[in-house]
Amino acid sequence: MVLFLNSKMNLRNAGILCCSGRNDRRPLRLGRIAHRLSEWFDVLAKHSLTELFYGFAIGIVMFGVASTVAAEPLTMSEDFHLKRTIWNFSRSNDTNFDDWPDDWQRKTGRRYPKYVKVGIAALDPEVEQQFRSLDTMMIRGWPTLKKKIPELPALPPSAADALVNRYLKVELDGGLVMVQSPKVKVSHAYQYRFSARVMTQGLRYNRARVEFIFLDDKGEELDSHPTRSVMGSVNWKDLVVDRVRAPAAAIDVVVRLIVEGSEDGLEDIRGTVGFDDLRIEPFPQLQLTTNEPSAIFEQGSPIQITSRILGFPKGANRVRFELLDANNERIAQHVSSIEDEKSTEPSIKKTKPVPAAISVPPDMQVIWELPRLPPGFYRVRASLQGQTLRTLATETTLAVIDSTIGETSSAGCFGWTLSEGTDQMPPRELAAWLVKLGVSWAKIPCWVDPRDLEKIDRIAETCARIQEAGIQTVGMLDVPPENQVSQYDVRGRRDVVASQLFRDARVWQPLLEPIMSRLTLKVRLWQLGSDRDQSFLGRSQLEESITAISSGLQGYGQPIEIAIGWPWSEPQLPRDQTTWQAVCRSDDPDLTAEELDSHLQLEQNENRDRPTRTWVVIDPIDKRRYDRDARITDMVLRMATVRKHRVQATFVTNPHDIHHGLLTPESKPDEMLLPWRTTARMLGNLRQVGSLSLRSKSQNIVFAGTNRTVVMLWSKDPCIEKIFLGDELRVVDVWGKTTSLLTEFDGSEAFQSVAIGPVPVFLVGADPSILAFRMSVNIEPTQLDSLLGQEQSIAVSFTNPTREGVVGSLGLRGPEHWIFDDPVNSWELMAGKSTTSHFPVVLGNSAKVGPYEIALEFEYQTVPPKRFVVYREISVGPIGLELKTSTAMAENNQLRVEIEMVNRSNRTQAYDCMLFPQQDRQYQRRFITVPAGETVRREFFWDNAEPLVGTTMLLRASEQDGKRILNYDFPVRR
């Protein structure tokens, strides 16, 4: 009985230690197991059973425990019933008791020494020792029990094996580690979720990560999906790679556990890394595809969405589609019921199972024909639903474009650096796709293995097809093939930069000569390094080095031109030190539109005779930090800025970048693609020629070319601009949607209403002569002195922008109390000539100070006549004097009015000020003298002032010893 009680206490303590020592998802379950064993002991104790029965109970219960742990169902969920693979480094993963997971392999070599200790270990050695003591006790009583029950196994099941939490432990000792799991069969009918738990202690240089790698039937690697790296001291952390699809040729997947050094090649002498709970979990796939592989549709083309359900789960009975616009507003929806195999509905069909490495259910396709859509960016969401099924959902994107907007040729300066995802497209299709998306320049990575003649021929054909489409090509030598990196004097990834790669011609020239001999026949422009590679900065004897590199790259003597990266923070070198033909300018972080304008203007002023051409990097700003509209506005304004300066080309460095790109990783349109395309096509090869003075105060830029004009408008605060620019005016938003603007009339004045907001819009179809004429109109002075009753003069100047003589008239319409002797002047102008019309004006005694809008009514004497109104602003007030007012209510129902006068002139000004309230109140009077360059404030007070709130007061100030009279209205506020 003493043995029984001691054993019972040991078991309970072990259970408690087990629960407290674990740091995974199973502590509660193990606690229940320990509690279950404890209950058995309580039953035995009540009946005063002997040690024999105690041993029997222990054996049977532990056998059940071990069986329960070993037979844990490998199902992902009750919905899908799919097998999953788990390595938790328990005894089931180490059947030969050698503390190494069965069938796993370890890489050994120069940087992967065997002396680095790697093996299965208990997470809590104290817990393991407690269960080992229990195992020893059970073994002692097991022979007696087996004599009574011969059917029992030779040895009792091990509590330590069943219940102790183990993991794969790496104890660093100045080396790297890589271990790999056995192969696991995969199927293309499923998508996969990979996960692992990683722990690190005391890492300074090393970092740990997990890779999930797909293999083909020959064991060759097809695709790798790494988790993020962990370093330092981090408690157990879940790392997940979700929604992964196996490549077409994949039949297996393996897990690779990696402990690597720093990018500088440094390694830790001490430290611990742990890996646990590696999971490969398959999910049914719900795939969405379109009848156009690129998901770019011409306006008016039919659009079909096909939902393919792979690994069809039980309980699914319908597919729900939703169509959303660029603002995520639902504009259409559709539900397709999934019937049994006898279904005759034409939009639903089952397909035979695809041959795969593992058995899968048949898949099904559901097709939705979308309604005709205007140009824009769209999302299609699909969800698989059922009564016993949790929703399985996915989405895809598509874009509808209007190929008639903007610059229909490839003329322009906007381009891409082609990235992974585009090199798989056939060259002819790639060229057509780039033209469709408004790309005028293309940088093509060309550094490939010289023995891969097929790839070299493919690049050559790609260059030829792109050039035939009118796109300017640039060959880029940025990163050599992976199998060649070791031949260069580089220590880590940070050293793989152009200045280092091109340091020794004896290394790079033999490797590049076969490539350049083939490609320089097609490509003349070549860039050394990536778009943001600025490694040539500071290199000694740079001009001689670039000359030598250029000569070595010429192949069979074909002349080439070289471009290198250069930061905005550094001025370009003098002309006599420059041997390259172009510089690719960039900065980190990217410049704003204002900063870019300043840098380009400075460079243009300092280097007017420089032959070096300028290329600019313009990537969308980070979607993780900025909202969509802010990203669009920033990108569009920077693209517009380069059309003001002498910039030859502008590039997006990686269109597929998930945070800074234009496309999804699957080469489908992302939300920034259409704004980029619309801006590139709108601006094309146009140049900034100025801006319009608008009544709404909206910001705008006017672009003009030989045959086209475009006005880009935006405003921080949404507003409506009423302006007439011709009868065929249209507005194009950043999504490429065109809307015709109706001509409205206010009396005899014609206008179109343009809605303007923070995201720019483009006006097209403007009458070039009216647009240029509006921009030429100028009014002087912009401020009239407040000399009431005295004649002053307003001069209006303008230019005839046409190639023919024009005869017309100008009428000037001012505010009330402005008196014009002759408000209409006739004029006649030859082509390209300017003139000025003068209008005498007298301000009446009731004319008030402040800003005023003057309407300039022009009429061309053509057939039919052209009439339009140009608005300009003139302020009235004493020159050099600024007048401000403010009101406030005190607690005693007293109103305080403060008058502030700022004298910016060089003489003292004095005014007799009378303040007239409404509500039949008595006016108040003050004399205010303001010395030159000073500010003076005076206060006025009214009692029982509540009725005055919301009314208007009139300040009338007469200049002492002068002729000015100021009439100034202002509202009364609390």
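In the block above lies the structure referred to throughout.
Read on for a plain summary of the structure. Remember, it's a predicted structure, so these values are computed and weren't measured experimentally. Every chain begins its residue count from 1, and numbering advances along the sequence as written. Side-chain atom pairs in this predicted model are given and counted only at pLDDT of 80 or more, local residue features only at pLDDT of at least 70, and totals for whole chains, interfaces and linings cover all residues. The side-chain quantities take in all heavy atoms of the structure and omit both hydrogens and water.

### Brief notes about the overall build of the chain
Here is step 1: A run of H or I in DSSP becomes a helix once it reaches four residues, and a run of E becomes a strand once it reaches two; helices and strands are each numbered from the N terminus. On a plain count of helices and strands, the chain comes out with 14 helices and 53 strands.
Here is step 2: By residue count, 51% of the 974 residues in the chain fall in the buried class.
Here is step 3: In the chain, the proportion of contacts linking residues at least 24 apart, taken out of those at least 6 apart, comes to 71%.
Here is step 4: Note on areas: these come from Shrake-Rupley sampling with a 1.4 Å probe, and a residue is covered only by the protein chains present in the view. As presented, the chain carries roughly 46,500 Å² of accessible surface, and 48% of it is formed by carbon and sulfur atoms. The buried label goes to any residue with under 20% of its type's maximum accessible area, the exposed label to any with over 50%, and the partly exposed label to all in between, with areas taken from a 1.4 Å probe on protein chains only. Whether two residues are in contact is decided by their heavy atoms: any pair within 4.5 Å suffices.

### Let's talk about the packing of helix α7 (residues 453–468) against helix α9 (residues 505–519)
Here is step 1: Where α7 contacts α9, the two axes come as close as 10 Å, and the packing angle between them is 30°. One element, α7, and the other, α9, form an angle in the roughly parallel class. Seen along the crossing, α7 lies across α9 with a hand that is right-handed. Judged by residue contacts, Ile456, Asp457, Ile459 and Ala460 of α7 engage Ile515, Arg518 and Leu519 from α9.
Here is step 2: Here the term charged refers only to Asp, Glu, Lys and Arg, the term nonpolar to Ala, Val, Leu, Ile, Met, Phe, Trp, Tyr, Cys and Pro, and the term polar to all other amino acids, Gly among them. Tallied by class, the residues present in the contact of α7 with α9 amount to five nonpolar, no polar and two charged. Axes here refer to lines fitted to C-alpha atoms; in helices the fit is confined to the stretch in contact. Angles between the N-to-C directions go from 0 to 180 degrees. Convention used here: angles under 35 degrees read as roughly parallel, angles over 145 as roughly antiparallel, angles from 65 to 115 as roughly perpendicular, and any remaining angle as oblique. Take the far helix as the reference: if the near one is turned anticlockwise from it by less than a right angle, the crossing is left-handed, and if turned clockwise, right-handed.

### Brief notes about the pairing of strand β7 (residues 190–201)
Here is step 1: Within β7, ten of the twelve residues are buried, which leaves the element mostly enclosed by the surrounding structure.
Here is step 2: Think of it this way: DSSP has to see at least two bridges between two strands before they count as a pair. With eleven bridges joining them, β7 and strand β12 (residues 272–290) adopt antiparallel strand pairing. The partner of Val198 across the bridge, within β12, is Phe275.

### Topic: the sheet that holds strand β42 (residues 818–820)
Here is step 1: An order of β38-β40-β44-β42 is seen for the four strands of this open sheet, with the pairing classed as antiparallel. Strands at the two margins of the open sheet, each flanked by one partner only, are β38 (778–780) and β42. Strand after strand, the sheet turns through a mean of 30° between neighbouring axes, direction not considered.
Here is step 2: Here strand β40 (residues 791–799) runs beside strand β44 (residues 834–843); their pairing, made up of nine bridges, is antiparallel. The residue of β44 that forms the bridge with Gln792 is Val841.

### Some thoughts on helix α4 (residues 125–148)
Here is step 1: The first and last C-alpha atoms of α4 sit 35 Å apart over 24 residues, in line with the 34 Å expected at 1.5 Å per residue.
Here is step 2: What we call the bend at a residue is the angle made by axes fitted to the seven residues finishing there and the seven residues starting there. The sharpest bend along α4 reaches about 40° and sits at Trp142, with the proline Pro143 one to four residues further on.
Here is step 3: Within α4, burial applies to Val127, Phe131, Leu134, Asp135, Met137, Met138, Trp142 and Leu145.
Here is step 4: Counting of polar contacts relies on pairs of N or O atoms within 3.5 Å, with two restrictions inside protein: one atom must be capable of donating a hydrogen and the other of accepting it, and residues adjacent in sequence are counted only when both atoms are side-chain atoms. Two to three positions downstream of the cap, the backbone nitrogen of Glu126 sits 3.1 Å from a side-chain oxygen, assigning the N-cap of α4 to Asp124. Given a helix with a known number of residues, its expected span is that number minus one, times 1.5 Å.

### A word on the sheet that holds strand β47 (residues 881–889)
Here is step 1: Pairing within the open sheet is antiparallel, and its three strands lie in the order β47-β48-β51. On the outer flanks of this sheet lie β47 and β51 (935–942), each paired with one strand and no other. Direction aside, the axes of adjacent strands within the sheet are offset by 15° on average.
Here is step 2: As paired elements, β47 and strand β48 (residues 895–903) share nine bridges and run antiparallel to each other.

### Notes on the pattern of salt bridges
Here is step 1: For salt bridges, the criterion is a side-chain nitrogen of Lys or Arg within 4 Å of an Asp or Glu carboxyl oxygen. All told, the structure shown has 56 salt bridges when counted by the stated rule.
Here is step 2: Between Arg193 and Glu281 there is a salt bridge; the shortest N-O distance is 3.4 Å. In this pair, Arg193 is assigned in strand β7 and Glu281 in strand β12, connecting sequence segments 88 residues apart.
Here is step 3: One salt bridge connects Arg624 with Asp622, and the closest N-O pair in it is separated by 2.7 Å.
Here is step 4: We classify Arg624 as exposed; its relative accessible area is 57%.

### Overview of the environment of Glu594
Here is step 1: Mapped onto the elements, Glu594 comes out in helix α11 (residues 593–606).
Here is step 2: Here Glu594 falls in the exposed class, since its relative accessible area comes to 56%.

### Digging into the nonpolar core
Here is step 1: Within this scheme, the nonpolar core is defined by two criteria: the residues are buried Ala, Val, Leu, Ile, Met, Phe, Trp, Tyr or Cys, and they are joined through side-chain atoms within 4.5 Å. The biggest cluster of nonpolar side chains holds 90 residues, and the ones touching the most others in it are Trp416, Leu477, Phe502, Leu528, Leu553 and Trp676.
Here is step 2: Looking at which element gives the most residues to this core, the answer is helix α12 (residues 628–642), with seven residues.
Here is step 3: Formed by 38 residues, the second largest nonpolar core is a distinct cluster that contains Trp87, Leu168, Phe194 and Leu203.

### A word on the environment of Ala593
Here is step 1: Mapped onto the elements of the fold, Ala593 is located in helix α11.
Here is step 2: Taking the C-alpha atoms as reference points, Ala593 and Arg638, separated by 45 residues in sequence, lie 4.6 Å from one another.
Here is step 3: Once residues lying within four places of it in the same chain are set aside, the contact partners of Ala593 are Leu637, Arg638 and Thr641.

### Here's the deal with the packing of α12 against helix α13 (residues 673–683)
Here is step 1: Orientation of α12 relative to α13, taken along the N-to-C sense of each, is 25°, at an axis distance of 10 Å. As summarised for this structure, α12 and α13 are arranged roughly parallel, according to the angle between their axes. Taken as a pair, α12 and α13 cross one another with a handedness that is right-handed. Every residue of α13 that contacts α12 at Ile632, Met635, Val636, Met639 and Ala640 is listed here: Pro675, Trp676, Thr679, Ala680 and Leu683.
Here is step 2: Grouping the amino acids of the contact of α12 with α13 by side-chain chemistry returns nine nonpolar, one polar and no charged.

### Looking at the packing of aromatic side chains
Here is step 1: Aromatic rings from Phe, Tyr and Trp, with only the six-membered ring used for Trp, were paired whenever their centres fell within 6.5 Å, and each pair was classed as stacked if the ring planes differed by under 30 degrees, edge-to-face if by over 60, and tilted otherwise. Here the structure, examined in full by the defined rule, presents 29 aromatic pairs.
Here is step 2: Between Phe773 and Phe868, the ring centres sit 5.7 Å apart and the planes meet at 80°, which makes this aromatic pair edge-to-face. With Phe773 in helix α14 (residues 768–776) and Phe868 in strand β46 (residues 866–876), the pair connects residues that are 95 residues apart, well separated along the chain. Across this residue pair, the class does not change: Phe773 and Phe868 are buried.
Here is step 3: Residues Phe798 and Phe858 carry aromatic rings whose centres are separated by 5.2 Å and whose planes lie at 80° to one another, so their mutual orientation is edge-to-face. With Phe798 in strand β40 and Phe858 in strand β45 (residues 850–860), the pair connects residues that are 60 residues apart, well separated along the chain.
Here is step 4: For Phe858, a relative accessible area of 2% corresponds to the buried category.
Here is step 5: Each member of the aromatic cluster is reached from another via a ring pair, and the members are Phe773, Phe798, Trp827, Phe858, Tyr860 and Phe868.
Here is step 6: When the ring centre of Phe651 is taken as reference, the NZ or CZ atom of Lys443 above it lies at 4.0 Å.
Here is step 7: A cation sits over an aromatic face here: Arg695 above Tyr871, 3.7 Å from the ring centre. Criterion for a charge above a ring: Arg CZ or Lys NZ at most 6 Å from the ring centre, at most 35 degrees from the ring normal.

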